[in-house]
Amino acid sequence: MCATCGCSGTIGAESAALGVHGHGPSDDHDHDHAHEHGHDHSHGHGHEHPHAPSGPDSTAARTVQLEQEILGKNRLLAERNRGWLEGREIFAVNLMSSPGSGKTTLLERTIRDLGKEVVVSVIEGDQETRLDAERIRGAGARVVQINTGTGCHLDAQMLGRALHELGPAMGSLLFVENVGNLVCPALFDLGEGARVVIASTTEGEDKPLKYPHMFRAADLILLNKVDLLPYLTFDVGRFTAHVRLVNPTAKVLEVSATRGDGLPGWYRWLASREASAPPRV
Amino acid sequence: MHELSISQGIVESVCEAVPEGKVLAVRVEIGQLSGVVSDSVRFCFDACAQGTRVEGARLDIVDVPGRGRCGSCQREMDMPELVTRCPCGNPFLEILRGRELRIRSVEVT
């Protein structure tokens with residue numbers, strides 16, 4: 001019998017040395033194994049150790065067809081959020097961008113400009129800190145912060161929890177500021193009404209080609225920091241042409257969140273609530 | 001690193017769908033245009049499986065090649081990347097295949 005766990009399997013010297021303990025299904029129970037040797041370490045047993053069953057029938061493997069979407073659970077939760085939001089006539093806008101594109105500055109300005117006409121609230125996603133939430137609160141909107149820790153995107157479950165905590169008002173406008181990242185958030189439907197990608201003139205014109213999943217998923221693309229164009233070599237025409245390669249239908253608006261350029265167009269787009277994001281395929 | 005979430009999703013779905021027995025292998029389909037990198041899923045899978053009934057299971061990944069259709073000339077073609085230009089000049093193809101993120105089957109004892 002195995003001195004380590006009392007089972008009838010054999011164990012290789014290598015795995016014994018590592019303190020790992022697995023038994024193959026075809027063990028013949030001969031058991032002259034590398035285990036009765038004098039170890040000088042004690043072998044406390046807090047670790048998991050899977051055994052294959054030793055009965056003759058239970059070792060037979062069988063295949064179970066699942067045919068399940070890996071993101072199926074997220075999709076269901078996203079649909080639940082979408083229904084919850086639609087029932088309350090809340091327009092939820094998922095804002096996505098790389099870090100430093102000016103998402104929070106744009107939100108502060110939008111809240112100050114629109115706050116008298118419509119109730120605005122915000123769900124802030126960041127890996128760490130409550131700094132952005134404090135800025136948003138300072139601008140006059142209710143806000144819930146989600147810290148994703150090591151997570152690089154928001155998912156539908158996180159949004160669902162935040163919605164219940166925030167309790168946005170009927171008919172209001174809700175911004176979801178996703179984690180600053182142009183890769184991962186593209187994949188996770190939150191149940192939002194529209195997806196907006198913010199790029200800025202201090203980034204490359206080739207961002208749409210480098211991150212095509214994100215730009216393809218967008219309903220609207222805001223090109224921020226156009227006030228800096230005189231000091232940069234950024235070519236707006238080239239940027240727009242690159243957007244068209246990955247997304248022929250999304251609207252592109254040039255804005256400056258600090259100086260105010262183009263913001264009336266952004267506010268008109270928000271007021272029209274024309275985009276209604278279909279679930280991601 | 002959304003592949004970590006994808007791997008967690010695989011392990012959780014398998015544990016829910018197969019309530020008992022030891023999982024020996026999991027077969028998944030990952031489309032070339034899904035935005036998910038197979039090697040990264042492989043890298044994360046073992047870590048996500050630790051302490052579950054999927055621990056130690058083999059992960060078989062079937063890479064599904066991308067396939068698209070041109071909206072201008074209706075031609076169908078291989079679409080190895082999201083930005084693939086049709087020979088007719090149209091730069092934007094409709095995706096027919098390659099977005100798959102599916103768990104096909106599991107092998108259990």
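Quick summary incoming for the structure in this document. Being a predicted model, the structure only gives us computed values, none of them experimental. (Residues numbered from 1 in each chain as written. Chains lettered and ligands numbered in written order. Predicted model: local features only at pLDDT ≥ 70, side-chain atom pairs only at ≥ 80, totals over all residues. Heavy atoms only, no water.)

1. Describing the interface of chain A and chain B
Every contact between the two is made by 33 residues of chain A and, on the other side, 38 residues of chain B. A combined buried area of about 3,100 Å² lies between chain A and chain B, and 61% of that area is made up of carbon and sulfur atoms. Across the chain A-chain B interface, the total number found is four salt bridges. One salt bridge in this structure joins B:Arg104 and A:Glu67, with 3.1 Å as the shortest N-O distance. Counting across the chain A and chain B interface gives eleven residue pairs in polar contact (both at pLDDT 80 or more). Contributing elements (two or more residues each) for the side of chain A that touches chain B: strand E1 (62-69), helix H7 (212-216) and helix H8 (236-246) of chain A. By residue class, the composition of the side of chain A that touches chain B is 19 nonpolar, eight polar and six charged. Pairing of E1(A) with strand E6 (residues 101-108) of chain B, which is carried by six bridges, proceeds in the antiparallel orientation. Bridge pairing in E6(B) links A:Arg62 to B:Val108. (Contact = heavy atoms within 4.5 Å. Buried area = accessible area lost by both parts, 1.4 Å probe. Salt bridge = Lys/Arg side-chain N within 4 Å of Asp/Glu carboxyl O. Polar contact = N/O pair within 3.5 Å; in protein donor to acceptor, adjacent residues only side chain to side chain. Helix = DSSP H or I, 4+ residues; strand = E, 2+ residues; numbered from the N terminus. Nonpolar A, V, L, I, M, F, W, Y, C, P; charged D, E, K, R; others polar. Pairing = 2+ DSSP bridges.)

2. Considerations on the packing of aromatic side chains
All names here are of chain A. All chains considered together, the criterion is met by five aromatic pairs over all chains. Judged by centre distance (6.4 Å) and plane angle (80°), the rings of Phe215 and Phe239 are edge-to-face. With Phe215 in helix H7 and Phe239 in helix H8, this pair connects stretches of sequence that are 24 residues apart. For the pair Phe215 and Phe239, one class covers both residues: buried. Cluster of aromatic residues (ring-pair linked, three or more members): Phe91, Phe175, Trp266 and Trp269. Here the basic side chain of Arg88 rests over the ring of Trp84, its NZ or CZ set 3.9 Å away from the ring centre. (Phe/Tyr/Trp six-rings, centres within 6.5 Å; stacked < 30°, edge-to-face > 60°. Buried < 20%, exposed > 50% of the residue type's maximum accessible area, 1.4 Å probe, protein only. Lys NZ or Arg CZ within 6 Å of the ring centre and 35° of its normal.)

3. Brief notes about the side chain of A:Asp189
All names here are of chain A. Mapped onto the elements of the fold, Asp189 is located in the loop between strand E5 (173-177) and strand E6 (194-200). Its relative accessible area of 4% is what places Asp189 among the buried residues. Engagement of the side chain of Asp189 in a polar contact is seen with the backbone nitrogen of Gly191, the distance being 3.1 Å.

4. Details of the environment of B:Val108
Residue placement: B:Val108 occurs in strand E6. Considering only alpha carbons, one finds B:Val108 and B:Ala57, 51 residues apart in sequence, at a separation of 9.4 Å. Excluding its chain neighbours within four sequence positions, the residues that come into contact with B:Val108 are A:Ala60, A:Ala61, A:Arg62, A:Val64, B:Val18, B:Lys22, B:Val23 and B:Leu24.

5. Structural notes on the layout of surface pockets
Here the second largest pocket defines a volume of roughly 640 Å³. Lining the second largest pocket are 28 residues, and of these A:Asp155, B:Ser5, B:Gln8, B:Gly9 and B:Glu12 lie nearest its centre. Of all the secondary-structure elements, those providing two or more residues to the lining of the second largest pocket are E1, helix H2 (72-87) and helix H5 (156-166) of chain A together with helix H1 (2-17) of chain B. When residues in the lining of the second largest pocket are grouped by element, the largest group, eight residues, is from H1(B). Tallied by class, residues from the lining of the second largest pocket come to ten nonpolar, twelve polar and six charged. (1 Å grid on protein atoms, 1.4 Å probe; cavity = no way out; pocket = protein on both sides within 12 Å on 5 of 7 lines; lining within 4 Å. Points joined across faces, edges and corners; volume = space filled by probe spheres on them.)

6. Some words on the packing of H2(A) against H5(A)
Residues and elements named next belong to chain A. At a closest axis distance of 8 Å, the pairing of H2 and H5 adopts a crossing angle of 30°. The pairing of H2 with H5 is recorded here as roughly parallel in orientation. In the packing of H2 onto H5, the handedness of the crossing is left-handed. Where H2 approaches H5, its residues Asn74, Leu77, Ala78, Asn81, Trp84 and Leu85 are matched on the opposing element by Ala156, Gln157, Leu159, Gly160, Leu163 and His164. Each residue belonging to the contact of H2 with H5 can be placed in one class, and the counts come to seven nonpolar, five polar and no charged. (Axes fitted to C-alpha atoms, helices over the stretch in contact; angles between N-to-C directions. Parallel < 35°, antiparallel > 145°, perpendicular 65-115°, else oblique. Left-handed = near helix turned anticlockwise from the far one by under 90°.)

7. Overview of the pairing of E6(A)
All names here are of chain A. Extensive coverage of E6 is indicated by the burial of seven of its seven residues. Covered by surrounding structure in E6 are Ala194, Val196, Ile198 and Ser200 together with Arg195, Val197 and Ala199, the residues of both alternating faces. Two strands pair when backbone bridges link them, and strand E2 (residues 91-97) and E6 are joined in this way by five bridges, in the parallel orientation. Across the sheet, Met96 pairs through a bridge with Val197, a residue of E6. As paired strands, E6 and strand E7 (residues 220-224) are joined by five bridges and run parallel to one another. Looking at E7, one finds that Val197 is bridged to Ile221.

8. Let's talk about unusual backbone geometry
All names here are of chain A. One non-glycine residue, Glu67, lies in positive phi territory at about 50°. Here Glu67 shows up in strand E1. Glu67 gets classed as partly exposed once you look at its relative accessible area, which sits at 35%. Residue Lys225 is not a glycine yet carries a positive backbone phi of 65°.

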